[in-house]
Amino acid sequence: MEAKQRKRKKEIENTKEDRVSELPDCLLHHIFSFTDAADVVRTCILSHRWRYFWISVPSLNFNFKNFSRVISSKESSFINFINQVLLRRNFIPVRSFQYSPPSDVKVSAFQSWICYAMNHQVQHLTLDVGYLTMPLHLPHCLNRCTSLTTLELSCSGHQSIKWPANFELPSLKNLHLVKLLYCSEESIFSCCPNLETLKLVGTFCGEFSVCALKLKSFDFLNNQRWRLFSNREFVIVAPKLMRFKFGGYPPGVFSPKNLCSLDHIEIDVPNNKELYLYGNKDMMKQKYALTVLQMLNAFPTAKTMTLSMNVIQVLSYVPALLNEHPSQFSNLKYLKVKSSKSSKQIKIPSIILNYFRTGSPLLEIS
């Protein structure tokens, strides 16, 4: 009886193993695209079928936290592991390359990995450069890469980044930059003619200008104090832009142009605590409110709008101006106000409700 049970158990185990082993390579590649490279390489011990399969996986995800958990906590071992994996893959194309760092990596290592990915027709490149002791100079191999469609660069501190000369990415559709200070004589966005999604978080670009004729979604999130009452101009030229999200201090001069396709905007600004740093608080509050109102009025074609409770509070600083100048949002159909933990009990002032409803009598507010 026990012998039959053991035989049956072995048959079930063999059946399970066969089911996995017989899956097509494309399906296994898709499954491994969600797995860290360290775990993918470890599958080589499972059977003869898996011995060299990890070499063909087109999605490379190098995460130091996972590596330190299963293999070694030494940073040098992690860097060596990455280099060895790339060396053994030879000429197999890379669909995606992701890297999450230990505390410190040399710039030369990043440059070599970027060049490897570019030379292997990478489509999605995601790099977290951590803390670097010097500006990150992107290698020239990045220039005019025809395979790259998604580029995400981030760092733990505000790191300077230098783009290569005559920079151009003709196939790039998604660009995501986090805490990077880019150094360029011209706007990098105009060098990406097919850019559709742009997300900038804590990224300083000097005199800011976005000219992207195919851009559909744009997130700009920056709460740095020095932007308050700054005279820097913020220019957007994006005739196909449908969604715009802004978080931070409003620019002194906001200049959106040709936003005829804009459907939804989402605006959040810091609270008025920073105003205590300036001389006349009441005067600064009104100036702050006028700057926020100017930015809102730059989107008269918006159909839906999401505002934070901070925006509502700031607009209430200028009740006379709201009465004298009704809103220009003739297309606005839906307004949502997002509350925070500290503002759940705050009601929307009637002066604000009347302001928006005067321009849009059928407006729905939630």
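**Q** Is there a simple way to think about the overall build of the chain in this case?
**A** Tallying secondary structure elements over the chain gives 10 helices and 16 strands in all. For the chain, buried positions account for 45% of its 366 residues. Sequence separation of 24 or more characterises 61% of the internal contacts of the chain that already satisfy a separation of 6 or more. If you sum the accessible surface of the chain, you get close to 19200 Å²; carbon and sulfur atoms cover 53% of it.

**Q** In this structure, what is going on with the sheet that holds strand S12 (residues 253-257)? I would like to understand it.
**A** To summarise the sheet geometry, strands pair through backbone hydrogen bonds and adopt either a parallel or an antiparallel arrangement. The three strands are arranged S8-S10-S12 in an open sheet whose pairing can be described as parallel. The open sheet is flanked by strand S8 (208-211) and S12, the only strands paired with a single partner. Strand after strand, the sheet turns through a mean of 5 degrees between neighbouring axes, direction not considered. The pairing of S8 with strand S10 (residues 233-237) spans four bridges and is parallel. In the strand pairing of S10, phenylalanine 208 is matched with phenylalanine 234.

**Q** What is the right way to read the nonpolar core from this model?
**A** Side chains that are nonpolar tend, in soluble globular proteins, to be buried together. By size, the foremost hydrophobic cluster in this structure holds 105 residues, and its most contacted members are Phe62, Phe97, Tyr99, Phe218, Phe244 and Phe356. For this core, the leading source of residues is helix H6 (residues 107-119), giving eight residues. If we ignore the near neighbours within four places in the chain, the residues touching phenylalanine 356 are Met305, Leu307, Leu315, Ser327, Phe329, Leu332, Leu335 and Leu363.

**Q** Any chance you could explain H6 here in plain terms?
**A** In this model, H6 (13 residues) spans 18 Å end to end at C-alpha, consistent with the 18 Å of a helix rising 1.5 Å per residue. Among all positions of H6, only Val107, Ala109, Phe110, Trp113, Ile114, Tyr116, Ala117 and Met118 are buried. Phi turns positive one or two residues past the end of H6, at glutamine 121, with a value near 55 degrees.

**Q** In this structure, what is going on with the environment of asparagine 258? I would like to understand it.
**A** Note that asparagine 258 resides in the loop between S12 and strand S13 (264-268). With relative accessibility at 46%, the residue asparagine 258 sits in the partly exposed group. C-alpha of asparagine 258 to C-alpha of leucine 241: the two residues are 17 residues apart in sequence and 9.2 Å apart in space. When residues no more than four places from it in sequence are discounted, the contact partners of asparagine 258 are Ala238 and Pro239.

**Q** Honestly, unusual backbone geometry in this entry has me stumped. Any pointers?
**A** Residues other than glycine predominantly adopt negative phi, and peptide bonds predominantly adopt the trans conformation. Unlike most non-glycine residues, asparagine 90 shows phi in positive territory, near 60 degrees. If you trace the backbone, asparagine 90 turns up in the loop between helix H5 (75-89) and strand S2 (96-100). Positive phi values are uncommon outside glycine, yet asparagine 258 reaches one of about 55 degrees.

**Q** Would you mind going over the environment of arginine 89 with me for this structure?
**A** With respect to the secondary-structure elements, arginine 89 resides in helix H5. Residue arginine 89 is classed as buried on the basis of its relative accessible area, which comes to 1%. Remark: the alpha-carbon pair of arginine 89 and serine 56, spanning 33 residues in sequence, is separated by 7.0 Å. Contacts of arginine 89, omitting those with residues within four sequence positions, involve Ile55, Val57, Pro58, Leu60, Val94 and Tyr116. Here valine 57 takes part through its backbone oxygen, which lies 3.2 Å from a polar atom of the side chain of arginine 89.

**Q** Just to check I follow, could you spell out H5 for this structure?
**A** Every α-helical turn comprises 3.6 residues, leaving residues that sit three or four positions apart pointing alike. The first and last C-alpha atoms of H5 sit 22 Å apart over 15 residues, in line with the 21 Å expected at 1.5 Å per residue. Buried within H5 we find Phe78, Ile79, Phe81, Ile82, Val85, Leu86 and Arg89. One side of H5 carries all its buried residues, which in axial view fall inside an arc of 155 degrees. Structural note: H5 exposes Ser76 and Leu87 on the side pointing more than 90 degrees away from its buried face.

**Q** Help me out: how do you make sense of the side chain of aspartate 219 in this one?
**A** Within the fold, aspartate 219 resides in strand S9 (residues 217-222). Among the polar contacts listed, one links the side chain of aspartate 219 to the side chain of arginine 243, at a separation of 2.5 Å. Once you skip the residues sitting within four places of it in the chain, aspartate 219 turns out to touch Leu198, Lys199, Leu200, Arg243 and Lys245.

**Q** Mind showing me how you'd approach the pattern of salt bridges here?
**A** Where charged atoms from two side chains of opposite charge approach closely, those side chains can pair. Within this structure, the stated rule accounts for four salt bridges. Salt-bridge contacts for aspartate 25 lead to arginine 49; the nearest nitrogen and oxygen are separated by 3.3 Å. One end of the pair, aspartate 25, is in helix H2 (residues 25-32); the other, arginine 49, is in the loop between helix H3 (37-42) and strand S1 (59-63), and 24 residues separate them in sequence. On the accessibility criterion, arginine 49 (29% relative accessible area) is partly exposed. Its salt-bridge partner being aspartate 39, residue arginine 42 comes within 3.3 Å of it at the nearest N-O pair. Here aspartate 39 and arginine 42 lie together in helix H3, a separation of three residues that amounts to about one turn.

**Q** Can you help me understand a positive patch on the surface in this one?
**A** There is a patch of like positive charges on the surface, built from Lys173, Lys214, Lys216 and Lys240. Following the sequence through the fold, lysine 216 ends up in the loop between S8 and S9. Overall, the relative accessible area of 39% leaves lysine 216 in the partly exposed class.

What counts as what
- Residues numbered from 1 in each chain as written.
- Predicted model: local features only at pLDDT ≥ 70, side-chain atom pairs only at ≥ 80, totals over all residues.
- Heavy atoms only, no water.
- Helix = DSSP H or I, 4+ residues; strand = E, 2+ residues; numbered from the N terminus.
- Buried < 20%, exposed > 50% of the residue type's maximum accessible area, 1.4 Å probe, protein only.
- Contact = heavy atoms within 4.5 Å.
- Areas by Shrake-Rupley, 256 points an atom, 1.4 Å probe, with all protein chains shown as cover.
- Pairing = 2+ DSSP bridges.
- Axes fitted to C-alpha atoms, helices over the stretch in contact; angles between N-to-C directions.
- Core = buried A, V, L, I, M, F, W, Y, C linked by side-chain atoms within 4.5 Å.
- Expected span 1.5 Å × (residues − 1).
- Polar contact = N/O pair within 3.5 Å; in protein donor to acceptor, adjacent residues only side chain to side chain.
- Arc of directions from axis to C-beta.
- Salt bridge = Lys/Arg side-chain N within 4 Å of Asp/Glu carboxyl O.
- Patch = residues over 30% accessible without salt bridge, like charges linked within 9 Å, V, L, I, M, F, W, Y side chains within 5 Å.
- Lys, Arg positive; Asp, Glu negative; His and termini not counted.
- Charge placed at Lys NZ, Arg CZ, Asp CG, Glu CD.

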